[in-house]
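# Structural description and commentary
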Amino acid sequence: MPDSPQFSPFRPAPPEPPSLQRTDVHIWRASLDPPATRLESLHQLLSADELTRAARYHFEKDRRHFTSARGYLRELLSRYLGSDPREIRFSYTKYGKPSLAAGMDQQLKFNVAHSGGAALYAVTRIGEIGVDLEFIRPEFTGDEIARRFFSPAEVASLDQVPETLRHRAFFACWTRKEAFIKAKGLGLSLGLNQFDVTLQADHPVAVLRTAWDESEAKRWSLAAIDAGPDFAAAVALEAKDWQASYWQVE
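Here's what I pulled together on the structure shown here. This structure is a prediction, so every number in the text was calculated from the model and none was measured.

Reading guide: rules and limits
- Residues numbered from 1 in each chain as written.
- Predicted model: local features only at pLDDT ≥ 70, side-chain atom pairs only at ≥ 80, totals over all residues.
- Heavy atoms only, no water.
- Buried < 20%, exposed > 50% of the residue type's maximum accessible area, 1.4 Å probe, protein only.
- Helix = DSSP H or I, 4+ residues; strand = E, 2+ residues; numbered from the N terminus.
- Pairing = 2+ DSSP bridges.
- Axes fitted to C-alpha atoms, helices over the stretch in contact; angles between N-to-C directions.
- Parallel < 35°, antiparallel > 145°, perpendicular 65-115°, else oblique.
- Left-handed = near helix turned anticlockwise from the far one by under 90°.
- Contact = heavy atoms within 4.5 Å.
- Nonpolar A, V, L, I, M, F, W, Y, C, P; charged D, E, K, R; others polar.
- Phe/Tyr/Trp six-rings, centres within 6.5 Å; stacked < 30°, edge-to-face > 60°.

### As for the pairing of strand β2 (residues 24-31)
Burial analysis of β2 places 6 of its 8 residues in the buried class, the great majority of the element. Here 6 bridges tie β2 to strand β12 (residues 243-248), and the two strands are oriented parallel to one another. Bridge pairing in β12 places Val25 opposite Ala244. Across 7 bridges, β2 lies against strand β6 (residues 118-124) in antiparallel orientation. Across the sheet, the residue bridging to Arg29 is Leu120, located in β6.

### Considering the packing of helix α2 (residues 48-55) against helix α3 (residues 60-81)
Running from amino to carboxyl end, α2 crosses α3 at an angle of 155°, the nearest separation of the two axes being 8 Å. When the axes of α2 and α3 are compared, the pair comes out roughly antiparallel. Read as a crossing pair, α2 and α3 show a hand that is right-handed. On the side of α2, the interface is formed by Glu50, Arg53, Ala54 and Ala55, while α3 contributes Arg63, Phe66, Thr67, Arg70 and Arg74. For the contact of α2 with α3, the residue count by class is 3 nonpolar, 1 polar and 5 charged.

### Comments concerning the packing of aromatic side chains
The way to describe two aromatic rings as a pair is by their centre distance and the angle between their planes. Taken as a whole and judged by the stated rule, the model has 13 aromatic pairs. Here the aromatic rings of Phe90 and Phe110 are separated by 5.9 Å at their centres, their planes lie at 65°, and the arrangement is edge-to-face. You can see Phe90 sitting in strand β3 (residues 90-92) and its partner Phe110 sitting in strand β5 (residues 109-115), a full 20 residues away along the chain. For the pair formed by Phe90 and Phe110, the shared burial category is buried. An angle of 70° between the planes, with centres 4.7 Å apart, marks the rings of Phe180 and Trp220 as edge-to-face. Of this pair, Phe180 sits in helix α6 (residues 166-184) while Trp220 sits in the loop between β9 (207-210) and β10 (221-224), placing them 40 residues apart in sequence. The exposure classification of Phe180 matches that of Trp220, with both residues buried. One aromatic cluster is present, built from ring pairs that chain together Phe150, Phe170, Phe171 and Trp174.

Right, dumping it as structure tokens:
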């Protein structure tokens, strides 16, 4: 896997079931504001517990986005599994990371992120994977949050970025760190300041260091995802030999 960001355009979804080879990572992008008829069809796919979770959201927009995100996830996984999307069952780690429930294809790994009315889905058979997506707010430099949560090396690197570009550098760093944590499956129990990632646009995208194991960073790959001009996104997995394909959810 190249060290530099892979800015590949998202293509229309293939009509046939996607073929997921040994070194493949498939990344899907979706809008969480589909037409009403499409939203209703996605709503029909949700399980009872998912419908309960959707109903807990106070704002209608949030209910709509949750419904779309989960419905699309079921549709996508059903293409790989060859099953009815309504029959897919999930299990969750104590940190909330979802996976396919026991009795289903345990080799199929996935992760989901959504922000700003968009969602990304990463699917692979290589191993545990993490993806993150953030809507970029131009007025938000993130300096205070960076000093609270980033590592000293990352804060120093962020300080070197021109002020007009600092918001993008912050979100680049944040998504790379979140993707790594999600792939590890440890949630916020893994402190963001316990490892370093690159954040400057002219530096290769990479995990540089982990505080708990000096050799672990070399085993990981990070890649930036071009999810659109208003977003920052990244994918992480513990492998070097892989290639990504980018698809648009219809």
